[in-house]
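# Structural description and commentary
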Protein chains: 2
Amino acid sequence: MSRVWNFSAGPAALPLEVLQQAQADLLDWNGSGASVMELSHRGKPFMAMAAQAEADLRELLAIPAHYAVLFLQGGATQHFAQIPMNLAAPGDRADYVLTGHWSEKAVSEAGPYVQTRIVASSKEQGYRCLPLVDTAALDPDAAYLHYVANETIHGIEWRQPPPSGHLPLVADMSSNILSAPVDIERHGIVYAGAQKNIGPSGLVVMIIRRDLLAREGRPMANVLRYREQAAADSMLNTPNTWGWYLAGLTFKWILAQGGLAAIEAGNIRKSGLLYQAIDGSGGFYRNPVDPAARSRMNVPFTLHDPALDALFLEQSAAAGLMALKGHKAVGGMRASIYNAVPLAAVEALVAFMAEFARRYG
Amino acid sequence: MSRVWNFSAGPAALPLEVLQQAQADLLDWNGSGASVMELSHRGKPFMAMAAQAEADLRELLAIPAHYAVLFLQGGATQHFAQIPMNLAAPGDRADYVLTGHWSEKAVSEAGPYVQTRIVASSKEQGYRCLPLVDTAALDPDAAYLHYVANETIHGIEWRQPPPSGHLPLVADMSSNILSAPVDIERHGIVYAGAQKNIGPSGLVVMIIRRDLLAREGRPMANVLRYREQAAADSMLNTPNTWGWYLAGLTFKWILAQGGLAAIEAGNIRKSGLLYQAIDGSGGFYRNPVDPAARSRMNVPFTLHDPALDALFLEQSAAAGLMALKGHKAVGGMRASIYNAVPLAAVEALVAFMAEFARRYG
């Protein structure tokens, strides 16, 4: 067994201790004589594990009791559609903030279910900064205001949520949830695909203020209605039990690290090291994002000479640094340094980058 | 590590060899230096594995080229809703066959998207037999005819698909897919939640005739449209990568067993043994289903004296026979004996049942 440093944007690195526990449990979980994947979600052992996972998440994010926590399927993309289905009646409108690829996608997937309007955008700036959100410009009758807390491709992150006036604020936190404390009460919904900071793909964690569950939305199947899933403890249909279990292990791992304050400190240190290496390279490496908006999770960077890209990727892979190729939308490189990517991985990357720049600069 | 005989209805037993492979791969899959859960679904190694899984499934079920194979999320329940969204335009009608709990649920979840009509039902017979489907009674303008190939709770199974005239036949095969050969060309859609005969929960496998992908259905998000998922090789959004990987291992396991003909022979033998034990118990155990309709996957049975139920469950659990409690809708016991439940498990159950009957009969 030989592990690499994994900078994948998602599905992404999981904590080694979580994987080791999952490996040890795989044939016989919790003394059951079966894998957790082989057990009924309605049996006592799984239900107890599931409830503990929720309790641990509530502790980590200080989630108040008037918010429900759901463990769903479909990825954030499906919930781009399901959120307007649930929150907007036919004919309703909703406001959106554009900061990159994922917020654009949120708008397009919502289109069939709500009249969308862009109230703030940094598109004209090439998504290299965060736009100002003017609450006076919000639609007072909008069903909600949606934003993406971290743009995985463009490497932009909101340190604080944008103002939303009296509108329920809906945040896609797929790529930065649990990377730092969050003020849940500023939000109506926080949701996240699991495959960056929570666990494997195929699971969505949603934190939703209970009054929003009372909204009628549009006619739809029960399985798509958040109110029904909340009433059924996310077991209206069979949930992704393996994903839920791994999420629970990850929540415990974060608690063992000291919770979100400690995790945030680690992420500040890791991302600081990497941005410093880029900014201090004399232009060999470049990151175009406004420093105030730079993501601590996804660090895109380009080489001064794109002709070196292939060599950089080849040599970094040979050095055990995996998945550094940037997204085609922005080109160059991208290092995703989620919670589970240790400081040692970033140190190895930074050392490689310095040596590469020395050799080819 | 101590494994039990697992009769869970789903999530259910997985092949031991599949679990052992997954355990061996957990920290370092395919020489990648990472878990399969930690890799991009768009990377070459995962895409190659995913394509091989599809090829193996095509071989197992002899799926013709004019059918697409999709690996989706949401469980069969979500597709109860998504199928009419995709196949029926607003105002369209669809015909349904009722054979138990799951076909009732398919009807109710479809309700918001299509005008449903029951064309055949065994509800008045307590779902103890299969109804006759009269093609003359089908709505010639229906968008499709839907049936559930195996009713997990009632223990009823279609050996051959019902006639559907010229209507596309849509089959929920969640609980009997890959238990025997199937005539795919009799169907427009075959779909199945993975958590019985394919892998862990959180994955749906769908086999869909390509001409049906051209139907416009109703306005909906791209992520919910089968045509878009087919065009994107089921990667319009991040799929359940762990589920897909385990499905691939399970397909290989079935091929190694000799394919579906061999699997079917094993299932005939296992279910035959158990029904024989029930029918030959002199009334101590009873199964009420018409023998021609008895499921080879889920065998519900009652004890002649329900006062013995608790004792039966306690003693069977102590004997290493897990999850025999029946569904509350029908009471008594249920032994789910999917592909991954070995003959030895059924032999152990039958021996236990005989001994229990001897002691308390």
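Residues numbered from 1 in each chain as written. Chains lettered and ligands numbered in written order. Predicted model: local features only at pLDDT ≥ 70, side-chain atom pairs only at ≥ 80, totals over all residues. Heavy atoms only, no water.

### Points about the relation of the copies chain A and chain B
- Overlaying chain A with chain B gives an RMSD of 0.0 Å, the required rotation being 180° about an axis along which the chain moves by 0.0 Å. Expressed as an axis order, the relation between the two copies is that of a two-fold axis. Every residue of chain A has its C-alpha some distance from the rotation axis, and the shortest such distance is that of Gln-23 of chain A, at 2.7 Å.
- By residue overlap, the copies meet face to face through one surface: 100% of the interface positions of chain A are interface positions in chain B. (Least-squares fit on C-alpha atoms with pLDDT ≥ 70 in both. Contact = heavy atoms within 4.5 Å.)

### Describing the interface of chain A and chain B
- Between chain A and chain B, the residue contacts involve 59 residues of the former and 59 residues of the latter.
- For the pairing of chain A and chain B, the buried interface totals around 4,600 Å² over both sides, and the portion due to carbon and sulfur atoms is 56%.
- Of all residues in chain A, Leu-27, Met-37 and Glu-38 of chain A give up the largest surface area on contact with chain B, accounting jointly for 16% of the area buried on that side.
- Across the contact surface, chain A and chain B share two salt bridges.
- Taking the shortest distance from any N to any O, the salt bridge between Arg-3 of chain B and Glu-38 of chain A comes out at 2.7 Å.
- Across the chain A-chain B interface, the total number found is 30 residue pairs in polar contact (both at pLDDT 80 or more). (Buried area = accessible area lost by both parts, 1.4 Å probe. Salt bridge = Lys/Arg side-chain N within 4 Å of Asp/Glu carboxyl O. Polar contact = N/O pair within 3.5 Å; in protein donor to acceptor, adjacent residues only side chain to side chain.)

### Details of the packing of helix α1 (residues 16-25) of chain A against helix α7 (residues 241-257) of chain A
Residues and elements named next belong to chain A.
- Packing of α1 against α7 brings their axes to within 9 Å, and their N-to-C directions diverge by 135°. With respect to each other, α1 and α7 are oriented oblique. In this structure, the crossing between α1 and α7 has a hand that is right-handed. Together, Glu-17, Val-18, Gln-21, Ala-22 and Asp-25 of α1 and Trp-242, Tyr-245, Leu-246, Leu-249, Thr-250 and Trp-253 of α7 make up the contact between the two elements. (Axes fitted to C-alpha atoms, helices over the stretch in contact; angles between N-to-C directions. Helix = DSSP H or I, 4+ residues; strand = E, 2+ residues; numbered from the N terminus. Parallel < 35°, antiparallel > 145°, perpendicular 65-115°, else oblique. Left-handed = near helix turned anticlockwise from the far one by under 90°.)

### As for the domain arrangement of chain A
Residue and element names in this part refer to chain A.
- When its domains are assigned, chain A resolves into domain 1 (16-256) and domain 2 (259-360).
- A separation of 27 Å is found between the C-alpha centroids of domain 1 and domain 2.
- The interface is formed by 25 residues belonging to domain 1 together with 25 residues belonging to domain 2.
- Summing both partners gives a buried area of about 2,100 Å² for domain 1 against domain 2, and 58% of it is carried by carbon and sulfur.
- The largest per-residue losses of area from domain 1 upon contact with domain 2 belong to Arg-128, Ile-153 and Arg-159, which jointly make up 26% of the total buried on that side.
- Linking domain 1 with domain 2 are 12 residue pairs in polar contact (both at pLDDT 80 or more), by the criterion used here.
- A class-by-class count of the residues in the side of domain 1 that touches domain 2 yields 12 nonpolar, eight polar and five charged. (Domains from an automatic or database assignment. Nonpolar A, V, L, I, M, F, W, Y, C, P; charged D, E, K, R; others polar.)

### Section: the pattern of salt bridges
- In the structure shown here, the tally under the stated rule is 30 salt bridges over all chains.
- With a shortest N-O distance of 3.0 Å, Glu-355 of chain B and Arg-359 of chain B are connected by a salt bridge. Here Glu-355 of chain B pairs with Arg-359 of chain B, and both are found in helix α10 (residues 343-360), just four residues apart, close to one helical turn.
- Its relative accessible area of 46% is what places Arg-359 of chain B among the partly exposed residues.
- One continuous salt-bridge network, built from bridges that share partners, spans Arg-93, Asp-139 and Asp-141 of chain A. (Buried < 20%, exposed > 50% of the residue type's maximum accessible area, 1.4 Å probe, protein only.)

### Some thoughts on the environment of Gly-155 of chain A
All names here are of chain A.
- Checked against the element boundaries, Gly-155 lands in the loop between β6 (150-151) and β7 (156-157).
- With a relative accessible area of 0%, Gly-155 lands in the buried category.
- Distance from Gly-155 to Pro-288, taken between C-alpha atoms, is 9.4 Å for residues 133 residues apart in sequence.
- If we skip the residues at most four places from it in the chain, Gly-155 touches Tyr-275, Val-289, Ala-293, Arg-294, Ser-295, Asn-298 and Pro-300.

### Re the side chain of Asp-172 of chain B
Residue and element names in this part refer to chain B.
- Relative to the helices and strands, Asp-172 resides in strand β8 (residues 169-172).
- Salt bridges are absent for the buried Asp-172, whose nearest opposite-charge side chain, Lys-196, sits at 8.7 Å.
- Among the polar contacts made by the side chain of Asp-172, one reaches the side chain of Ser-174 at a distance of 2.7 Å.
- Not counting residues within four places of it along the chain, the set of residues in contact with Asp-172 comprises Ala-76, Phe-80, His-146, Tyr-147, Val-148, Ala-149, Asn-150 and Tyr-191. (Lys, Arg positive; Asp, Glu negative; His and termini not counted.)

### Overview of the pairing of strand β10 (residues 204-209) of chain A
Residue and element names in this part refer to chain A.
- Within β10, five of the six residues are buried, which leaves it mostly tucked inside the rest of the structure.
- As judged from the six bridges shared by strand β2 (residues 67-72) and β10, these two strands associate in the antiparallel manner. When the bridges of β10 are listed, Ala-68 appears paired with Ile-208.
- One ladder, built from five bridges, connects strand β9 (residues 189-193) with β10; its direction is antiparallel. Directly across from Gly-193, in β10, lies its bridge partner Val-204. (Pairing = 2+ DSSP bridges.)

### Things to note about the side chain of Arg-334 of chain B
Residue and element names in this part refer to chain B.
- If you trace the backbone, Arg-334 turns up in strand β14 (residues 333-336).
- For Arg-334, which is buried and forms no salt bridge, the nearest opposite charge comes from Glu-151, at a distance of 8.8 Å.
- A polar atom in the side chain of Arg-334 sits 2.8 Å from the backbone oxygen of Thr-152.
- Among residues more than four places away in sequence, those in contact with Arg-334 are Phe-7, Ala-9, Thr-152, Ile-153, Asn-298, Val-299, Pro-300, Ala-323, Leu-324, Lys-325, Gly-326 and His-327.

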